[in-house]
Amino acid sequence: MNTKYSIKYRAIALMMLLFALGSCVNDLDTLPLDEDLLTADKLTDDASYKGMLAKCYAAFVVGGQTGVDGEPDISSIDGGFSSYLRQLWNHQELTTDEAICAWNDGNLRDLHDMDWTASNEFVTAMYYRITLEVAYCNNLIALTNDQDEFKAYNTEARFLRALAYWHLLDMFGTGPFVTEEDPVGSFFFPEQATAQQLFDYIESELKAIENELPAPRTNEYGRADQGAAWMVLSKLYLNAETYTGTPKYTECITYTQKIIDGGYSLESNYENLFLADNNLRSNEIIFPLVCDGEHTQTWGGMTFLIHSTIGGDMPASESGVDGGWGGNRTTKSFVNLFDDISGETDSRALIWTEGQNLEIGDIFNFRDGYALRKFRNVTSNGVVGSNLSHPDTDFPLFRYADALLMYAEAVVRGGSGGDQGTAVGYINQIRERAYGDDSGNITDADLTLQFLLDERGRELYWECHRRTDLRRFGQLAGGDYTWPWKGAVAEGKAVNDKYNVFPIPSSDLNANPNLTQTTGY
């Protein structure tokens, strides 16, 4: 469908009850779950269940129970500041060469400096967003189990739970594990899952629901289908060696091939994927986090991502918003991935240089560091979005170009079931879109792991992949690759390997005797 999906964020009073995940949320003063009120015999109409599913989806974008993050889901940090997508972006991008922020709020700077601790409030917010999303999904799954008429909602909630657990595995490597089978309430302390246990569970859940989800591109826009499940499985397998020590590149090829055979294609114009009508690009966008200027108003989500990247001499009106926040820009290490930063050779180089300095002498000066203007609240026809403060632009969490890149990498890393020539062809499809012709095409000899890491940077920057990619390539922590201000020095330096993952927040360790801190923290 080419319209925004109908499961919008709604301030449903019932949602105020969905706030329990045992010790995982106790320290955030969330509301307890009233088990008496949430029983299948007292909640039977489709609208109520669909409203619960709406919250499971919307919790990835908005930060509260009412408009513009009112009545925040977690109380230790502002709802907009702590929204899931905003924190996901911060943790996946500010920890890398792709982004640096001019704001000195709390301990935000620790993310780029790579010197965070278990008491960092932003790391804590990311952790609790993940565990709260699991709680929302668990409640819906428990209520819809054994009710065939709500099977679709149950299956989608299981996908969203698996997605959240994948984020927990990817960013923290371990954490509390709870399903719909576990009790709820203040006196339940979840057991801690190892990386292998999380991996096995995510894999088994996605395989169990794979054939129950709608075929690719047949569900309502913005809702999960088989393509979304295949993408998470592909990500899981591509990073399996990093997560568990056991490579799964053959399995990655199997699932990326399913995506490739699933009817997707590359959008002809790269920039269209990041505009206010990118909901029309479902040929490439496999799973978006849907934003709507009138219905999903938040100071997180795409409101944050677009406003925070505008400052200096950048005209906010050209991005379809009412002002810039002068926050996020990039480092010269990322800029250097492009031979020509004008965008005339490679159209993906959406780099703003006017009034900006390439070198970052002062982190807190927005003009130090080139700006990126990838996401805008303007349609492909130049029409400004419905709201100047809150964009209509959706966030493309997964898209087809990434599946092509993953296939190629899995082949180069030795996976079976694919071949080098096909992989080169897929990469050249991506580059032909970027270059407008075959002038940027590569040969078999060019398809190396370092080329693929760089190409992923050029294609997928600011889409919440970079931290995961650098870690998989051994270039996140340590000193094999440095960039400006890594390690809190201007030229960049090596950091301890413990920073490949984030720590379990001190607040949850104190609340749950079953948890053990990650090595090094």
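Residues numbered from 1 in each chain as written. Predicted model: local features only at pLDDT ≥ 70, side-chain atom pairs only at ≥ 80, totals over all residues. Heavy atoms only, no water.

### Details of the overall build of the chain
On a plain count of helices and strands, the chain comes out with 17 helices and 10 strands. Projected onto the principal axes, the alpha-carbon positions of the chain cover approximately 65 × 50 × 45 Å. Within the span of the chain, comprising 521 residues, buried residues form 65% of the whole. Considering only residue pairs separated by 6 or more positions, the chain has 70% of its internal contacts joining residues 24 or more positions apart. Summing over all exposed atoms, the chain offers an accessible surface of approximately 17100 Å²; the carbon and sulfur share of this is 46%. Charge centroids of the chain, computed over 39 positive and 76 negative side chains, lie 2 Å from each other. (Helix = DSSP H or I, 4+ residues; strand = E, 2+ residues; numbered from the N terminus. Buried < 20%, exposed > 50% of the residue type's maximum accessible area, 1.4 Å probe, protein only. Contact = heavy atoms within 4.5 Å. Areas by Shrake-Rupley, 256 points an atom, 1.4 Å probe, with all protein chains shown as cover. Lys, Arg positive; Asp, Glu negative; His and termini not counted. Charge placed at Lys NZ, Arg CZ, Asp CG, Glu CD.)

### Regarding the pattern of salt bridges
Across all of its chains, the model carries 38 salt bridges by this definition. Ionic pairing is found between Arg161 and Glu180, a salt bridge with its closest N-O pair at 2.6 Å. Linking Arg161 in helix 6 (residues 151–172) with Glu180 in the loop between strand 4 (175–177) and strand 5 (191–193), this pair joins segments that are 19 residues apart in sequence. For Arg161, a relative accessible area of 1% corresponds to the buried category. For Glu180, a relative accessible area of 22% translates into the label partly exposed. Here Arg399 ties to Glu463 by a salt bridge, and the two come within 2.8 Å at their closest N and O atoms. (Salt bridge = Lys/Arg side-chain N within 4 Å of Asp/Glu carboxyl O.)

### A few points about the pairing of strand 10 (residues 395–399)
Successive side chains on a regular strand alternate, one facing one side of the sheet and the next facing the other. By the criterion of burial, strand 10 is predominantly enclosed, with five of the five residues buried. Bridge count between strand 6 (residues 285–289) and strand 10: four bridges; the pairing is antiparallel. The partner of Pro288 across the bridge, within strand 10, is Pro396. (Pairing = 2+ DSSP bridges.)

### Points about the side chain of Thr155
Within the secondary structure, Thr155 is located in helix 6. Not counting the four nearest positions on each side in its chain, Thr155 is found in contact with Ile209, Glu212 and Leu213.

### Side note on a negative patch on the surface
Residues Asp45, Asp46, Asp146, Asp148 and Glu149 make up a contiguous surface patch of negative charge. When you line up the elements, Glu149 lands in the loop between helix 5 (121–144) and helix 6. A relative accessible area of 57% means that Glu149 is categorised as exposed. (Patch = residues over 30% accessible without salt bridge, like charges linked within 9 Å, V, L, I, M, F, W, Y side chains within 5 Å.)

### With respect to the nonpolar core
Nonpolar side chains tend toward joint burial in soluble globular proteins. The biggest cluster of nonpolar side chains holds 151 residues, and the ones touching the most others in it are Phe159 and Phe287. For this core, the leading source of residues is helix 5, giving 14 residues. In this view, Phe287 contacts Tyr57, Phe159, Leu160, Leu163, Gly222, Arg223, Ala224, Ala228, Phe395, Pro396, Leu397 and Phe398; residues no more than four positions away in its chain are not counted. (Core = buried A, V, L, I, M, F, W, Y, C linked by side-chain atoms within 4.5 Å.)

### Observations regarding helix 14 (residues 420–435)
Across its 16 residues, helix 14 extends 22 Å between first and last C-alpha, which sits within 8% of the 22 Å expected from 1.5 Å per residue. Those residues of helix 14 that are buried are in contact with helix 10 (249–260), strand 10, helix 13 (400–412) and helix 15 (449–460). One side-chain oxygen of the residue at the start of helix 14 lies 3.2 Å from the amide nitrogen of Gly421, identifying that residue as Asp419. Count one or two residues on from helix 14 and you reach Gly436, which has phi positive near 85°. (Expected span 1.5 Å × (residues − 1). Polar contact = N/O pair within 3.5 Å; in protein donor to acceptor, adjacent residues only side chain to side chain.)

### A word on the packing of helix 14 against helix 15
Interaxial distance between helix 14 and helix 15 falls to 12 Å at its minimum, and their mutual angle equals 40°. By the criterion of interaxial angle, the relationship of helix 14 to helix 15 is oblique. The chirality of how helix 14 crosses helix 15 is left-handed. Touching Ile427, Ile430, Arg431 and Arg433 of helix 14 are Phe451, Leu452, Glu455, Arg458 and Glu459, all from helix 15. (Axes fitted to C-alpha atoms, helices over the stretch in contact; angles between N-to-C directions. Parallel < 35°, antiparallel > 145°, perpendicular 65-115°, else oblique. Left-handed = near helix turned anticlockwise from the far one by under 90°.)

### Describing unusual backbone geometry
Note: most residues except glycine have negative phi, and most peptide bonds are trans. Its identity as a non-glycine residue notwithstanding, Trp462 has a phi of 65°, on the positive side. The residue Trp462 is located in the loop between helix 15 and helix 16 (466–472) in this model.

### Some details on the side chain of Thr468
Inspection of the secondary structure assignment puts Thr468 in helix 16. Using a relative accessible area of 6% as the deciding quantity, one classes Thr468 as buried. Those residues in contact with Thr468 that lie beyond four places of it in its chain are Gln92, Asp170, Asn239 and Tyr243.

### Some words on the environment of Gly414
Along the chain, Gly414 falls in the loop between helix 13 and helix 14. In this structure the C-alpha to C-alpha distance between Gly414 and Phe159, which are 255 residues apart in sequence, comes to 29 Å.

### Let's talk about the confidence of the model for the chain
Predicted coordinates in areas of low pLDDT are best not read in detail. Counting all residues, the mean pLDDT for the chain is 91, and 91% of those residues have values of 70 or more. This model gives residues 5–40 a pLDDT under 50, and the stretch forms 108 contacts once residues within four places in sequence are excluded. (pLDDT = per-residue confidence, 0-100.)

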